[in-house]
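Analysis of the macromolecular model
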Amino acid sequence: TTPYFELADGKAVNSLTFTSNITNGAWYHLVVTWDGTTIRGYVNGVAAGTASQTLDATHSTGLHLTLCEGYNGTDYFHFPYDGIMDEFGLFNDALTTSQVALLYGSGTPLPFSSFN
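Structural notes, computed from the coordinates. Keep in mind it's a predicted model, so treat the numbers as computed, not measured. (Residues numbered from 1 in each chain as written. Predicted model: local features only at pLDDT ≥ 70, side-chain atom pairs only at ≥ 80, totals over all residues. Heavy atoms only, no water.)

1. Side note on the overall build of the chain
Cut-off, in case you're wondering: In this text, helices come from DSSP runs of H or I with a minimum length of four residues, and strands from runs of E with a minimum of two, each type numbered from the N-terminal end. Between buried and exposed lies partly exposed: a residue is buried under 20% and exposed over 50% of the maximum accessible area for its type, with that area taken using a 1.4 Å probe on protein chains only. Here a residue-residue contact requires only that any non-hydrogen atoms of the pair lie within 4.5 Å. Using the Shrake-Rupley algorithm and a 1.4 Å probe, accessible areas are obtained, with residue cover drawn only from the displayed protein chains.
Helix and strand content of the chain: one helix and eight strands. The order of helices and strands in the chain, counted from the N terminus, is β-β-β-β-β-β-β-β-α. In the chain, which comprises 116 residues, the proportion classed as buried is 28%. Considering only residue pairs separated by 6 or more positions, the chain has 45% of its internal contacts joining residues 24 or more positions apart. Here the chain has roughly 7400 Å² of accessible surface; of this, 53% comes from carbon and sulfur atoms.

In structure tokens, the structure reads:
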């Protein structure tokens, strides 16, 4: 019921547990941004949590993302995502709060070039 995002570099793990719950049977627009210092989550264009991060973005073995796992308030990783994803996007810059709202409010996917 609570979206969870994890970013790891082989030495450390930084995670964000969203402050907004989601329910089965409804569509949601979920966004996670990472600007090198802060991970931010958004649900339907509205801020839904932040977490500081300490990872080395230039780590030689790369970074690892964990998507599609759930959190029940006490336990991670035992609640695999059981739903449909549509129009998944990955950008090479952290979107601003305004860009996330624009993306959500557009009703259609926007290419990265729309933000530059």
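2. Quick notes on the side chain of Q53
As for its position among the elements, Q53 is in the loop between β5 (46-52) and β6 (64-66). Since its relative accessible area comes to 8%, Q53 is described here as buried. Here Q53 is in contact with N14, W34, G36, T37, T38 and I39, once residues within four sequence places are set aside.

3. Here's the deal with the pairing of β5
On any regular strand, side chains alternate: one points to one face of the sheet, the next to the other face. For the record, the criterion: Two strands pair if DSSP finds at least two bridges between them.
Bridge count for strand β4 (residues 38-43) against β5 is five bridges, and the pairing is antiparallel. From the neighbouring strand, Y42 faces β5, where its bridge partner is A47. Remark: two residues form the turn of the hairpin made by β4 and β5, two consecutive strands paired antiparallel; N44 in that turn has positive phi of roughly 50°.

4. Quick word on the sheet that holds β4
Put simply, the rule reads: The axes are straight lines fitted to the C-alpha atoms, using for helices just the contacting stretch, and the angles between their N-to-C directions are given from 0 to 180°.
Across the sheet, three strands lie side by side as β3-β4-β5; this open sheet has antiparallel pairing. Since the sheet does not close on itself, it has two edges, and those belong to β3 (30-34) and β5, each with one partner. Direction aside, neighbouring strands of the sheet carry axes that sit 15° apart on average. Of the strand pairs in this sheet, β3 and β4 are connected by five bridges, and their pairing is antiparallel. The residue of β4 that forms the bridge with V32 is G41.

5. Topic: the pattern of salt bridges
How we decide: For salt bridges, the criterion is a side-chain nitrogen of Lys or Arg within 4 Å of an Asp or Glu carboxyl oxygen.
Going through the model one piece at a time under the given rule, you end up with one salt bridge. Between R40 and D35 there is a salt bridge, with the nearest N and O atoms lying 3.1 Å from each other.

6. Quick notes on the side chain of Q99
To be explicit about the condition: Whenever two N or O atoms come within 3.5 Å, that pair is a polar contact, provided that in protein one can donate a hydrogen and the other can accept it, and provided that, for residues adjacent in sequence, both atoms are side-chain atoms.
As for its position among the elements, Q99 is in helix α1 (residues 97-106). At 2.8 Å, the side chain of Q99 forms a polar contact with the backbone nitrogen of T96.

7. Things to note about a nonpolar patch on the surface
Put simply, the rule is: The patches described consist of residues with a relative accessible area above 30% and no salt bridge, like charges being joined within 9 Å and nonpolar side chains (Val, Leu, Ile, Met, Phe, Trp, Tyr) within 5 Å.
On the surface, M85, F88 and L90 cluster together into a nonpolar patch covering about 370 Å² of accessible area. Counting through the fold element by element, M85 comes out in the loop between β8 (76-80) and α1. We classify M85 as partly exposed; its relative accessible area is 44%.

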